[in-house]
Amino acid sequence: MNKISNKCEDEQIHLLGLIQPYGILIILDKDLKVKTHSQVIEPLNKVFHEGDWLDKNIQGILRLPFEKIQHAFDELSEQNQAENPHRFSQEFVVEDQEFYLSMYWTNGLLYLEFEVKHNKQGNLNLSFNSYLQKISQSQDSLWQDLSDILGELMGFDRVMIYQFLEDSSGIVVAEHLKDKSLSSFLGFHYPEFDIPQQARALYNKNHIRFIVDTDVAPNHMIDIGQEIDLQRVGIRSLSPIHLQYLRNGGFRSSLSISIIVKGKLWGLVCCQNEMPLHVDLQRRNLAFTLTHYAASRFQYLEHEEKLTYLGESQKLESQIKEAIYLKNNVFRDLEPIMPQLMEAMISDGIAIIQGDEIMTFGETPGKSSISNFISSVKSELKDIYLSNLHDKYSNMDSSLFFEDFPGIAFLPIEGPLGFTLIWFRKETPVIKKWAGKPEKDFVLDEADQVLKPSPRTSFQLYMEEVKGSAIKWTQREVLFLQRIKDVLQQGMLKKASRIAALNEQLIEMNNALDTYAYTISHDLKNPLTAIKLSGEFLSVRDSVPDGLKKKMTQNILDGVNNIVNMLDKIHSFSKASVFDYQPALISTDKFIKEIVEIARERYSSGGLNVSFGELLPVYGEKTLVYQLFVNIIGNAIKYSSKSKNPTVSISSEQLDNGVNYKVIDNGIGIKKSELETVYEIFKRMSNSAGFEGSGVGMAIVKRIVDKLNLKISIESNLGVGTEIVIFFPDYTIDKTFHE
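Caption draft 1: Local environment of helix α14 (residues 589-602). The terminal C-alpha atoms of α14, which comprises 14 residues, lie 20 Å apart, in line with the 20 Å expected from a rise of 1.5 Å per residue. Turning to α14, its buried residues number three or more, namely Phe591, Ile592, Ile595, Val596, Ile598, Ala599 and Arg600. The positive-phi residue at the C-terminal boundary of α14 is Ser604, with phi of around 50°.

Here it is as structure tokens:
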């Protein structure tokens, strides 16, 4: 069996070491010594001395004064000597002969291309300006205008604009013919292997490739025992296979220019001539500039089309947003706009799937087929997927489920309430025109007995009927899918967030009810104690002096007022996420001493020693500040009541931006490990057995501190006592503390 050898796509075309005999390539090292060069041609022998050039300084091999090209060396001397995209060119004259010199760095070597200037240019600037103006005004005819302009500028028999397709084949989208008797290739497809991948990679680096005459033998680089990279060389010759390909097509001269769109190789300008044609470097550069300008214009037109389409799709997006934000069941509420969704994608039908539910509109496969397809691809498809043909070799082959619908656009919307949208297009048979039968040719090498690649010999029209495909989805429809996905996905996230927020509100409301109940049961004990004591005193005395009776009665009334105020504030405070109040300056000295006396009676702390420092007024809400001190002072007295010499100290200190209150006791103290959980509701300290309580007091304290934007800190030592510091901001200095 014959072995296939040297595939076109394996050929290292940039390492062949072949130079067209219309110029000379000299490669210098960083010391400007000749590393290698191509053969000398006439009339460039006017520029160089004869002899061995290797390892000689460039100045030593030049006939012309070095000053004539000094400027080019000066321009490049400061550049990074690694690969640099900058290419410097200049013209010079030797004995009335005009030449071009192009210089650039590649892989730490300096490349010099000398080329004979052939054409008398005339004034190209006037033509160039008119060409630019024409391109800048082009709309739908942009590529045709470019091919006409380049045909006029360079004089080729044929200029084609060739676009690469997604399957790596190509199609001629515009064409200029110098002689109208030539057969047109407009609309013809070319197979991928006509321009193999390594050639496309070179087109990304060197944007112009030309051959003057396919029948003229190239010159070779001097062999220095290593491969020389010629991928950026403008006068590089082509591979023998490519040269034969051009000859088979009936052309002896060719020029190609890369069309780069959004940083990628979009296509090529392909110029062909039946006879040898040397296009001058200046015209080649102008052609490249015009092509680059047309590519920029193409990007601009695409962007304008995108903006226009976005404007048109906003109405549909608004309807989708309404279905998401204002309705409860997004899946069901998309049903009324399914016709618009189908129309926007120019599809034959649409399906929306959520779990076992499927809604369809238009022409679609059966629901069971849709369900089976979803089940088979749910682990594979996590993002937008589009296809216009059945691919039996792909994991996404839809022919098993949608035989009559090769065109599918798949859009998954993730999330707990997520769903999937699928658009369908029916099969549309296509007649594809090929420039020759798209098959690789191989010939048997009799000497080596291996099959070697041979260029195609036929470019005659070959018609192929393509079945199992639908009209291709356009970039416009891809954009629509991306927009709709963003709208739906963001909307679903917001809806999920809103549901989560509602759940949080429900939890907070339940917590508020709990807090309300526990706060009432806990904090009303103090004023009720005062009422009880005064009532008992009055009930057991037959004769009470008027002054004492008035005091006891006032205690009862004050207790009742405290209860009413506390009920009102606790209700507002517990149900509101933000407690809105107007800070007022509160005098604490009177009610703090009352709290101490009531707590002393409540916890039977007759031997309690309480010391008071200066009790400064503070900013806050009176009832809540009272409630705060009820819990803190009450705890200090309660937990020190069984100490040998119970002592509580209450004092305050004026700071620059507020007031610090300290409450210090010599009670049972708190373990260091339990300080972090001291504010948890129903959390009692491990050493609190024997003391009444429910674990609610400090939870209430923390809630008041948070609501009033105060600060609290606790230091405690087990068996020694506890110090609590509360900071009250000065509202006249910092007005943000209550916001």
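Okay, back to it.
Caption draft 2: Up close: the packing of α14 against helix α15 (residues 622-640). Between α14 and α15, the least distance of the axes is 9 Å, while the angle of their chain directions is 40°. Taken together, the axes of α14 and α15 are oblique relative to one another. Crossing hand, α14 versus α15: right-handed. Each of Phe591, Ile592, Ile595, Val596, Ala599 and Arg600 in α14 lies in contact with α15, whose residues at this interface are Val625, Tyr626, Phe629, Val630, Ile633, Gly634 and Ile637. Considered class by class, the residues forming the contact of α14 with α15 number 11 nonpolar, one polar and one charged.

Caption draft 3: Expanded view of the packing of α15 against helix α16 (residues 697-707). Across the interface, α15 lies against α16 with an axial gap of 9 Å and an inter-helix angle of 145°. Note that α15 runs across α16; the crossing there is left-handed. Facing α15, whose interface residues are Leu624, Gln627, Leu628, Asn631, Ile632 and Asn635, α16 presents Gly697, Met698, Ile700, Val701, Ile704 and Val705. Here the contact of α15 with α16 is composed, by residue class, of eight nonpolar, four polar and no charged.

Caption draft 4: Quick look at the sheet that holds strand β4 (residues 34-37). If you trace the five strands from one edge of the open sheet to the other, you get β4-β3-β7-β6-β5, paired in antiparallel fashion. The two strands at the open ends of the sheet, each matched to only one other strand, are β4 and β5 (88-94). For this sheet, the mean inter-axis angle between neighbouring strands, taken without regard to orientation, is 25°. For strand β3 (residues 23-28) and strand β7 (residues 109-116), the ladder comprises six bridges, and the chain directions are antiparallel. Along β7, the bridge assignment pairs Ile26 with Leu112.

Caption draft 5: Quick peek at the pattern of salt bridges. Applying the stated criterion across every chain, the model contains 17 salt bridges. Asp215 is the partner of Arg247 in a salt bridge, and the nearest nitrogen-oxygen pair spans 3.1 Å. Taken as a pair, Arg247 in helix α6 (residues 240-248) and Asp215 in the loop between β11 (208-211) and β12 (219-220) lie far apart in primary sequence, 32 residues in all. Arg332 serves as the salt-bridge partner of Glu357, at 2.4 Å between the closest nitrogen and oxygen. Residue Glu357 is located in strand β16 (residues 357-362), and its partner Arg332 is located in helix α8 (residues 330-333); the two are separated by 25 residues in the primary sequence. Classification of Glu357 as partly exposed rests on a relative accessible area of 36%. Its relative accessible area of 36% is what places Arg332 among the partly exposed residues. It is possible to trace a salt-bridge network through shared partners that takes in Asp213, Asp215, Arg247 and Arg252.

Caption draft 6: Spatial organisation of empty space enclosed by the protein. Using the criterion set out here, one finds three cavities of 30 Å³ or more in the structure. For the largest cavity, the calculated volume is near 390 Å³. In terms of lining residues, the largest cavity is bounded by 26 residues, among which Asn635, Tyr639, Ile670, Met685 and Met698 are the most central.

Caption draft 7: Geometry of the packing of aromatic side chains. Taken as a whole and assessed by the stated rule, the structure comprises 25 aromatic pairs. Ring geometry for Phe373 versus Phe401: centroids 5.6 Å apart, planes at 70°, classification edge-to-face. In this pair, Phe373 is assigned in helix α10 (residues 367-377) and Phe401 in the loop between β17 (385-387) and β18 (407-413), connecting sequence segments 28 residues apart. For Phe373, a relative accessible area of 1% gives the class buried.

Caption draft 8: Main features of the sheet that holds β16. With antiparallel pairing, five strands are arranged side by side in an open sheet as β16-β15-β19-β18-β17. With partners counted over all chains shown, the strands left at the sheet margins are β16 and β17, one partner each. Geometrically, the sheet is characterised by an average inter-axis angle of 10° between neighbouring strands, direction not taken into account. As defined by bridge partners, strand β15 (residues 349-354) adjoins strand β19 (residues 419-425) across five bridges and the pair is classed as antiparallel. Opposite Ile350, over in β19, you have Trp423 as the bridge partner. Of the strands in this sheet, β15, β16, β18 and β19 are in contact with α10, which crosses β16 at around 120°.

Caption draft 9: Examining the nonpolar core more closely. The biggest cluster of nonpolar side chains holds 44 residues, and the ones touching the most others in it are Leu628, Phe629, Ile633, Ile650, Ile726 and Phe728. Those elements giving two or more residues to this core turn out to be α14, α15, β27 (647-655), β28 (658-665), α16, β29 (711-717) and β30 (721-729). The greatest single-element share of this core, amounting to 10 residues, is contributed by α15. Leaving out residues up to four positions away in the same chain, Ile633 has contacts with Ile592, Ile595, Val596, Ile650 and Val663. Within the second largest apolar cluster, 32 residues are counted, among which are Leu146, Ile259, Leu286 and Ala295.

Caption draft 10: Representation of the state of the cysteines. Applying the stated criterion across every chain yields a total of zero disulfides. For the unlinked cysteine Cys270, the closest cysteine sulfur is that of Cys271, found at 7.5 Å.

Caption draft 11: Summary view of unusual backbone geometry. Note the cis peptide between Glu42 and Pro43, where omega equals 0°. Along the chain, the position of Pro43 falls in the loop between β4 and α1 (58-61). Positive phi outside glycine occurs at Glu95, with the angle close to 50°. If you trace the backbone, Glu95 turns up in the loop between β5 and β6 (97-106).

Parameters at a glance
- Residues numbered from 1 in each chain as written.
- Predicted model: local features only at pLDDT ≥ 70, side-chain atom pairs only at ≥ 80, totals over all residues.
- Heavy atoms only, no water.
- Helix = DSSP H or I, 4+ residues; strand = E, 2+ residues; numbered from the N terminus.
- Expected span 1.5 Å × (residues − 1).
- Buried < 20%, exposed > 50% of the residue type's maximum accessible area, 1.4 Å probe, protein only.
- Axes fitted to C-alpha atoms, helices over the stretch in contact; angles between N-to-C directions.
- Parallel < 35°, antiparallel > 145°, perpendicular 65-115°, else oblique.
- Left-handed = near helix turned anticlockwise from the far one by under 90°.
- Contact = heavy atoms within 4.5 Å.
- Nonpolar A, V, L, I, M, F, W, Y, C, P; charged D, E, K, R; others polar.
- Pairing = 2+ DSSP bridges.
- Salt bridge = Lys/Arg side-chain N within 4 Å of Asp/Glu carboxyl O.
- 1 Å grid on protein atoms, 1.4 Å probe; cavity = no way out; pocket = protein on both sides within 12 Å on 5 of 7 lines; lining within 4 Å.
- Points joined across faces, edges and corners; volume = space filled by probe spheres on them.
- Phe/Tyr/Trp six-rings, centres within 6.5 Å; stacked < 30°, edge-to-face > 60°.
- Core = buried A, V, L, I, M, F, W, Y, C linked by side-chain atoms within 4.5 Å.
- Disulfide = S-S within 2.5 Å.

Everything listed is a geometric property; what it means functionally is a separate question.
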